[in-house]
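# An overview of the molecular structure
Each chain, letter by letter, is given below.
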Amino acid sequence: MTNNLPLTVKRSIELLGLMAIAAVMVIGRDIIMPILMAFFISIMLLPLYRFLKRKKVPNR
């Protein structure tokens, strides 16, 4: 299936997509940033968790 759209239409669709992605990132940064921060903190704390688990420290 060939796409016979003119080059200007293809570029405008690409630019519209990039603008939509940027808008979602700006609007969603209050949600995305805490999730990313929690992910990286959990990765950093994983060795400590394994150490305490190996020393048989109770969970609670």
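Going by the structure above, here's the rest.
Heads up: these notes are all about the structure in this document. Computed from a predicted model, the values in this text were never measured in an experiment.

Turning our eyes to something else, we now look at the overall build of the protein. Helices and strands together make up the secondary structure of the protein, namely 2 helices and 0 strands. Here the C-alpha radius of gyration of the protein, 23 Å, is well above what a compact globule of 60 residues would show, namely 10 Å. C-alpha atoms of the protein, sized along the principal axes, occupy 65 × 30 × 15 Å. Looking at the protein as a whole, 2% of its 60 residues qualify as buried. Surface summary for the protein: the accessible area is close to 6100 Å², and the carbon and sulfur share equals 74%.

Our next topic: a nonpolar patch on the surface. On the surface, Ile31, Ile32, Met33, Ile35, Leu36, Phe39, Phe40 and Ile43 cluster together to form a nonpolar patch covering roughly 790 Å² of accessible area. Along the chain, Ile31 falls in helix 2 (residues 29-54). Classification of Ile31 as exposed rests on a relative accessible area of 59%.

In this structure, Lys56 is a non-glycine residue whose phi angle is positive, near 60°. By secondary structure assignment, the location of Lys56 is in the segment after helix 2.

Bringing the environment of Met37 into the picture now. Note that Met37 resides in helix 2. For the pair Met37 and Asn4, spaced 33 residues apart in sequence, the C-alpha to C-alpha distance is 44 Å.

Residue pairs spaced three or four apart in an α-helix point in one direction, given the helix's 3.6 residues per turn. Look at helix 2: 37 Å from first C-alpha to last across 26 residues, which is about the 38 Å you get at 1.5 Å a residue. At Leu45, helix 2 shows its largest bend, some 40°, and a proline, Pro47, comes one to four positions later. Within two residues after helix 2, Lys56 carries a phi angle of roughly 60°, on the positive side.

Turning our attention to the packing of aromatic side chains. For the structure shown, the criterion picks out 1 aromatic pair. For the pair Phe39 and Phe40, a centre-to-centre distance of 5.5 Å together with 65° between the ring planes defines the contact as edge-to-face. Looking at Phe40, the relative accessible area reads 47%, which means it is partly exposed.

This paragraph deals with helix 1 (residues 7-27). Given a rise of 1.5 Å per residue, 21 residues ought to cover 30 Å, and the 30 Å separating the end C-alpha atoms of helix 1 matches this to within 8%. Judged by how many residues are buried, helix 1 sits mostly at the surface: 0 of 21 residues are covered.

Procedures and definitions
Residues numbered from 1 in each chain as written. Predicted model: local features only at pLDDT ≥ 70, side-chain atom pairs only at ≥ 80, totals over all residues. Heavy atoms only, no water. Helix = DSSP H or I, 4+ residues; strand = E, 2+ residues; numbered from the N terminus. Rg over C-alpha atoms; globule rule 2.2 N^0.38 Å. Buried < 20%, exposed > 50% of the residue type's maximum accessible area, 1.4 Å probe, protein only. Areas by Shrake-Rupley, 256 points an atom, 1.4 Å probe, with all protein chains shown as cover. Patch = residues over 30% accessible without salt bridge, like charges linked within 9 Å, V, L, I, M, F, W, Y side chains within 5 Å. Salt bridge = Lys/Arg side-chain N within 4 Å of Asp/Glu carboxyl O. Expected span 1.5 Å × (residues − 1). Bend = angle between axes of the 7 residues up to and from the residue. Phe/Tyr/Trp six-rings, centres within 6.5 Å; stacked < 30°, edge-to-face > 60°.

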